[in-house]
Amino acid sequence: MGRRPGARITIRAIAEESGVSIATVSRVINGRAVVAPATQEMVRQAARRLGEVPVQRRPSPGPADAPVLVYCPYALTDYFGTIVTSVIETLALHGRQAVVRAGEGAREQTSSLLSLPGPAGMAGAVLILPPSSTEDLLALHARRYPLVVIDPREELPEDVASVSAAHAAGARRVTGHLTALGHRRIGFIGGPGNWLASRSRLVGHTSALAEIGILVEPELVRAVVEPNAEMGYRAASSLLELDPAPTAIVAFNDKTAAGALRAALDRRLRVPQDLSVTGFDDSELGRSTSPILTTARQPLEEMGRIAVSLLMRLVAGHAVDTLHVELATPLLVRASTGRPRSEPSGPDTVHA
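Quick notes on the rules
Residues numbered from 1 in each chain as written. Predicted model: local features only at pLDDT ≥ 70, side-chain atom pairs only at ≥ 80, totals over all residues. Heavy atoms only, no water. Helix = DSSP H or I, 4+ residues; strand = E, 2+ residues; numbered from the N terminus. Expected span 1.5 Å × (residues − 1). Buried < 20%, exposed > 50% of the residue type's maximum accessible area, 1.4 Å probe, protein only. Arc of directions from axis to C-beta. Pairing = 2+ DSSP bridges. Axes fitted to C-alpha atoms, helices over the stretch in contact; angles between N-to-C directions. Phe/Tyr/Trp six-rings, centres within 6.5 Å; stacked < 30°, edge-to-face > 60°. Lys NZ or Arg CZ within 6 Å of the ring centre and 35° of its normal. Parallel < 35°, antiparallel > 145°, perpendicular 65-115°, else oblique. Left-handed = near helix turned anticlockwise from the far one by under 90°. Contact = heavy atoms within 4.5 Å. Nonpolar A, V, L, I, M, F, W, Y, C, P; charged D, E, K, R; others polar. pLDDT = per-residue confidence, 0-100. Salt bridge = Lys/Arg side-chain N within 4 Å of Asp/Glu carboxyl O.

On to unusual backbone geometry. At the junction of Asp243 and Pro244, the peptide bond is cis and its omega measures out at 5 degrees in the coordinates. Inspection of the secondary structure puts Pro244 in the loop between α9 (229–240) and β8 (248–251). In the segment running from Val271 into Pro272, the intervening peptide bond is cis, with an omega of 10 degrees. Looking at the secondary structure, you find Pro272 in the loop between α10 (254–266) and β9 (276–278). The phi angle at Asp281 is positive, at roughly 140 degrees, despite the residue not being glycine.

Under the 1.5 Å per step criterion, the end-to-end length of helix α3 (residues 37–50) is 20 Å for 14 residues, consistent within 8% with the ideal 20 Å. Buried residues of α3: Gln40, Val43, Arg44, Ala46 and Ala47, and no others. Along α3, the residues classed as buried sweep out an arc of 160 degrees about the axis, all on the same side. Facing away from the buried side of α3 by over 90 degrees, the exposed positions are Pro37, Ala38 and Arg49.

On to the sheet that holds strand β7 (residues 221–223), then. A sheet is described by the order of its strands in space; here four strands give the open sequence β7-β6-β8-β9, paired in parallel fashion. Unpaired on one side and paired on the other, β7 and β9 mark the two borders of the sheet. Shown here is a sheet whose adjacent strand axes are inclined to one another by a mean of 15 degrees, direction ignored. The sheet contact formed by strand β6 (residues 186–190) and β7 spans three bridges and is parallel.

Moving on, we get to the packing of aromatic side chains. Counted according to the given criterion, the structure contains three aromatic pairs. Aromatic side chains Tyr74 and Phe80 sit 4.6 Å apart centroid to centroid with 10 degrees between the ring planes, which places their arrangement in the stacked category. For Tyr74, a relative accessible area of 6% translates into the label buried. The structure contains a cluster of three or more aromatic residues connected by ring pairs, namely Tyr74, Tyr79 and Phe80. The aromatic ring of Phe252 is capped on one face by Arg201, whose charged end is 4.3 Å from the ring centroid. The lysine or arginine in question, Arg262, covers the ring of Tyr233, its NZ or CZ lying 3.9 Å from the ring centre.

On to the packing of helix α4 (residues 78–93) against helix α11 (residues 300–315). The relative placement of two packed helices comes down to the angle between their axes together with the axis-to-axis distance. Direction vectors running N to C along α4 and α11 enclose 40 degrees, while the axes themselves pass 8 Å from each other. In terms of their interaxial angle, α4 and α11 are classed as oblique. Crossing of α4 against α11: the hand is right-handed. For the pair α4 and α11, the contacting residues are Tyr79, Thr82, Ile83, Ser86, Val87, Thr90 and Leu91 in the first and Leu300, Glu301, Met303, Gly304, Arg305, Val308 and Met312 in the second. Its residues assigned to classes, the contact of α4 with α11 shows eight nonpolar, four polar and two charged.

It is worth spelling out the confidence of the model for the protein chain at this point. Summarising the model, the protein chain shows a mean pLDDT of 85, and 82% of its residues fall at 70 or more. Note that residues 1–7 has pLDDT below 50 and, in this model, five contacts with residues that lie over four places away or in other chains. Within the model, the stretch residues 343–352 combines pLDDT values under 50 with twelve contacts to residues more than four positions away or in other chains.

This brings us to the pattern of salt bridges. Taken as a whole, this structure holds 13 salt bridges when the rule is applied. For Glu217, the salt bridge identified is with Arg185, shortest N-O distance 3.3 Å. Here the residue Glu217 occupies a position in the loop between α8 (196–210) and β7, and Arg185 occupies one in the loop between α7 (167–181) and β6, the gap between them amounting to 32 residues. The exposure class assigned to Glu217 is partly exposed, which follows from its relative accessible area of 34%. Looking at Arg185, the relative accessible area reads 14%, which means it is buried. Between Arg341 and Asp274 there is a salt bridge, and its shortest N-O distance comes to 3.5 Å. Taken as a pair, Arg341 in the segment after β12 (331–332) and Asp274 in the loop between α10 and β9 lie far apart in primary sequence, 67 residues in all.

To continue, consider the packing of α9 against α10. Closest axis-to-axis distance for the α9/α10 pair is 7 Å, and the angle between their directions is 50 degrees. Classified by the interaxial angle, the pair formed by α9 and α10 is oblique. Judged by the sense of rotation from one axis to the other, the crossing of α9 with α10 is right-handed. Facing α9, whose interface residues are Ala229, Glu230, Gly232, Tyr233, Ala236, Ser237 and Leu240, α10 presents Lys255, Thr256, Gly259, Ala260, Arg262, Ala263, Ala264 and Asp266.

In structure tokens form, the structure reads like this:
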């Protein structure tokens, strides 16, 4: 089939024609990573057959005062609001203004990252947990658009810059804390199954249990569509109906952990005497619950600062050795965890 006059050749088309990955085509086009000469030639030949010749390019430095797009298609609550505020404040230190697209409306108005404001007039972009596909990110990347992704939803190619928390390591510390206390039957409430953070935290949880010779029991694992308190309540309620019930629950974040605390309260279970509960984030909510949550701290402000620092180097055309940055998630032990009872109280037990 011939090419329609004026039709645009996509990265996917070149990848399929050459037999290499979309990420490899992106690297050849952008020249941001070392690609074997033979592979580069395969990509060029495929592009020529399709009627387009890719040329290795590097992003040209934009105007020193060009604004930066900050895209966060979620409500700016404590989690996302903290990141966005940090990004804006750090951009200001670099003499850059932010053009913010945020909230649920931003997601509805932007079905694809390709419909975001293009490079013209923009220095680059900071994208926070973008819901679009990796292919969209690569297509935007191929336009020589400097960008950094904070907390990517999916695993990204090595030449797309990202900043995230060390999810697996943080979850491993949390579950390791519980096993050190003596817990063996531990419920796990994960986030959306298609989120990289959720999968990584399950890996960390599984790893901590494996260290003491325990395999994860599928009946003890739940996933929520939205990581909020209501979903956490439902997931925890389901776990606490098991016989025997878990002696501890590891929640995806502080919000779902707050829901788990309410589920325990409804069953007249004391925390941590009858049930230990952990969160993830170290949010204001987690510091306001009763009891205060044991949690893993996500360095949200630092994530914003590092993302801007990376972006400014990309905008300036500087070489960046480390494009994927993971920041430590220290464990904060508080009042919501303790040693398990030898005979955990059931939901019908009344405590004075």
